[in-house]
Amino acid sequence: MIHVLNLIRWKNLLMIAFTQYLVKYALLLPFRESHSVLVTLSDFHFFLLVLATVLIAAGGYVINDVYDVETDRINKPEKLIINKYISEKNASTLFIILNIIGVGIGFYLANGIGKSAFFSIFFIASALLYIYSSSLKQIPVVGNVVVSIVVALSILLVGLFELVPAMNFYNKAIQTTFLKIIIDYAVFAFMINLVREMVKDLEDIEGDQQAEIQTLPVLLGRERANKIVFFTSLVPILFITYYVVTYLFKQQLVVGYFLILVIAPLIYVSIKLLGAKEKTDYKHISLILKLVMLTGMLSLLLYKFIILN
């Protein structure tokens, strides 16, 4: 059982679920009475939305490991699960089951809120994760972008399923305002994850070279790729700084939070990238970016002070 949990990256799945619950219960529900924000899903149906997202993400991790057996044997031999504890056949079956259930729940929810077209989001996410593992991963940067889009979609889903169906002529302004906040956080998640995926490519260059996977570091060399990742890492710093200065500058507590727990660690990451050479350097940078993703999403808890004051 423990090997199955490790295969589906249960810690990452908890992070996805936690983030989605933050969006609803920290950003949307506190403003039902004060700002008349309307949500669509009951607690149970929201749980189903989170479950569908988590199942599709879990399937993505499984199929990724199936296609990464050779590179993982070189890059992460201690974490190898496929063909060591779980066969490729059983892993592929698990991938199919997870996606059928996840996409099936998505179909049920989309029809339940009268937005059947939203079902396509689950199907596209599932298809993208499979195509990424089987082929897109071998295209420099494209694979990184695809994974980051799927991560952003997991956040955007909450806004689409909760706010859009409840939108009408009278509440369109307030519903749109909160939807834009969710979009901003989805963009934040996309940028942080993109940098992290590129850093992971630098970390895994040895295995990717032997498996002939054409990532950016393999194609351009570690030094050139390192510079590209460095400049890419500056984009979220500029984006978040602009966001804080433009929308949050009157809230000293919030500004302090973003400066200390989001912007400062990102500046640290950029500085570390300048001198990074070893696998351990990139692993450390990847961990910091993961923590920044967490602290960034936790800032949703501050919106009751931002909007109410």
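Residues numbered from 1 in each chain as written. Predicted model: local features only at pLDDT ≥ 70, side-chain atom pairs only at ≥ 80, totals over all residues. Heavy atoms only, no water.

*Asks:* Mind showing me how you'd approach the overall build of the protein here?
*Replies:* The helix and strand tally for the protein stands at 14 helices and zero strands. For the protein, the succession of helices and strands along the chain, N to C, is α-α-α-α-α-α-α-α-α-α-α-α-α-α. Computed over its C-alpha atoms, the radius of gyration of the protein comes to 20 Å, within 12% of the 19 Å expected for a compact globule of 309 residues. Accessible surface, the protein: about 15000 Å² in total, of which carbon and sulfur atoms supply 67%. Taking the average location of the 25 positive side-chain charges in the protein and that of its 20 negative ones, the two points are 6 Å from each other. (Helix = DSSP H or I, 4+ residues; strand = E, 2+ residues; numbered from the N terminus. Rg over C-alpha atoms; globule rule 2.2 N^0.38 Å. Areas by Shrake-Rupley, 256 points an atom, 1.4 Å probe, with all protein chains shown as cover. Lys, Arg positive; Asp, Glu negative; His and termini not counted. Charge placed at Lys NZ, Arg CZ, Asp CG, Glu CD.)

*Asks:* Would you explain the packing of aromatic side chains in this entry?
*Replies:* Two numbers describe a pair of aromatic rings. These are the distance of the centres and the angle of the planes. One pass over the structure, following the stated rule, counts 15 aromatic pairs. The interplanar angle of 70° and the centroid separation of 5.7 Å between the aromatic rings of Phe122 and Phe161 together place this pair among those described as edge-to-face. Residue Phe122 is located in helix H6 (residues 119-134), and its partner Phe161 is located in helix H7 (residues 142-162); the two are separated by 39 residues in the primary sequence. Accessibility assignment for this pair places Phe122 and Phe161 in one class, buried. (Phe/Tyr/Trp six-rings, centres within 6.5 Å; stacked < 30°, edge-to-face > 60°. Buried < 20%, exposed > 50% of the residue type's maximum accessible area, 1.4 Å probe, protein only.)

*Asks:* Would you explain the environment of Ser270 in this entry?
*Replies:* Of note, Ser270 is situated in helix H12 (residues 252-275). Expressed as a C-alpha distance, the spacing of Ser270 and Val229, which sit 41 residues apart in the sequence, is 8.7 Å. Side chain to side chain, Ser270 and Ser233 meet in a polar contact 2.8 Å long. (Polar contact = N/O pair within 3.5 Å; in protein donor to acceptor, adjacent residues only side chain to side chain.)

*Asks:* So what exactly am I meant to see when it comes to empty space enclosed by the protein here?
*Replies:* Left-over empty space is what a probe sized like a water molecule reveals as it rolls over the atoms. For the structure on display, the rule yields three cavities of 30 Å³ or more. For the largest cavity, the calculated volume is near 100 Å³. Lining the largest cavity, in full, are Asp184, Tyr185, Phe188, Phe239, Ile240, Tyr243, Phe258, Gly296 and Ser299. Those elements that place two or more of their residues in the lining of the largest cavity are helix H8 (172-203) and helix H11 (222-248). (1 Å grid on protein atoms, 1.4 Å probe; cavity = no way out; pocket = protein on both sides within 12 Å on 5 of 7 lines; lining within 4 Å. Points joined across faces, edges and corners; volume = space filled by probe spheres on them.)

*Asks:* Hey, could you run me through the pattern of salt bridges in this one?
*Replies:* A side chain with one charge may pair with a side chain of the opposite charge, provided their charged atoms come close. In the structure shown here, the tally under the stated rule is five salt bridges. Among the salt bridges present, the one from Arg9 reaches Asp65, with a minimum N-O distance of 2.8 Å. With a gap of 56 residues between them, Arg9 in the loop between helix H1 (2-7) and helix H2 (10-28) and Asp65 in helix H3 (residues 43-67) connect regions that are remote in the sequence. Taking the shortest distance from any N to any O, the salt bridge between Glu162 and Lys24 comes out at 2.8 Å. Of the two residues, Glu162 sits in helix H7 while Lys24 sits in helix H2, which places them 138 residues apart along the sequence. The pair formed by Glu162 and Lys24 is uniform in burial state, with each residue classed as buried. (Salt bridge = Lys/Arg side-chain N within 4 Å of Asp/Glu carboxyl O.)

*Asks:* Help me understand the nonpolar core, please; the structure alone is not making it clear to me.
*Replies:* Within soluble globular proteins, side chains that are nonpolar tend to cluster in buried spots. Ranked by size, the top nonpolar core spans 97 residues in total, and within it Phe161, Phe178, Phe258, Leu300 and Tyr303 carry the most contacts. It is H8 that provides the largest number of residues to this core, a total of 15 residues. (Core = buried A, V, L, I, M, F, W, Y, C linked by side-chain atoms within 4.5 Å.)

*Asks:* How do you make sense of H2 when you look at a structure like this?
*Replies:* Working note: α-helix, 3.6 residues per turn, so residues spaced by three or four point in the same direction. Taking 1.5 Å of rise per residue, 19 residues should cover 27 Å, and H2 covers 26 Å from first to last C-alpha, within 8% of that figure. For H2, the set of buried residues is Asn12, Leu13, Ile16, Ala17, Thr19, Gln20, Leu22, Val23, Lys24, Ala26, Leu27 and Leu28. (Expected span 1.5 Å × (residues − 1).)

*Asks:* In this structure, what is going on with a positive patch on the surface? I would like to understand it.
*Replies:* There is a patch of like positive charges on the surface, built from Lys11, Lys79, Lys283 and Lys290. With respect to the secondary-structure elements, Lys283 resides in helix H13 (residues 279-298). The class of Lys283 is partly exposed, set by a relative accessible area of 48%. (Patch = residues over 30% accessible without salt bridge, like charges linked within 9 Å, V, L, I, M, F, W, Y side chains within 5 Å.)

*Asks:* Would you explain H3 in this entry?
*Replies:* In a regular helix each residue adds 1.5 Å, so 25 residues correspond to 36 Å; H3 covers 37 Å between its end C-alpha atoms and thus fits that length. Of all 25 residues making up H3, 18 are buried, and the element is well covered by its neighbours.

*Asks:* Explain the environment of Val255 here, please?
*Replies:* One can find Val255 in helix H12. Apart from the residues within four sequence positions on either side, Val255 is in contact with Val244, Leu248 and Phe249. (Contact = heavy atoms within 4.5 Å.)

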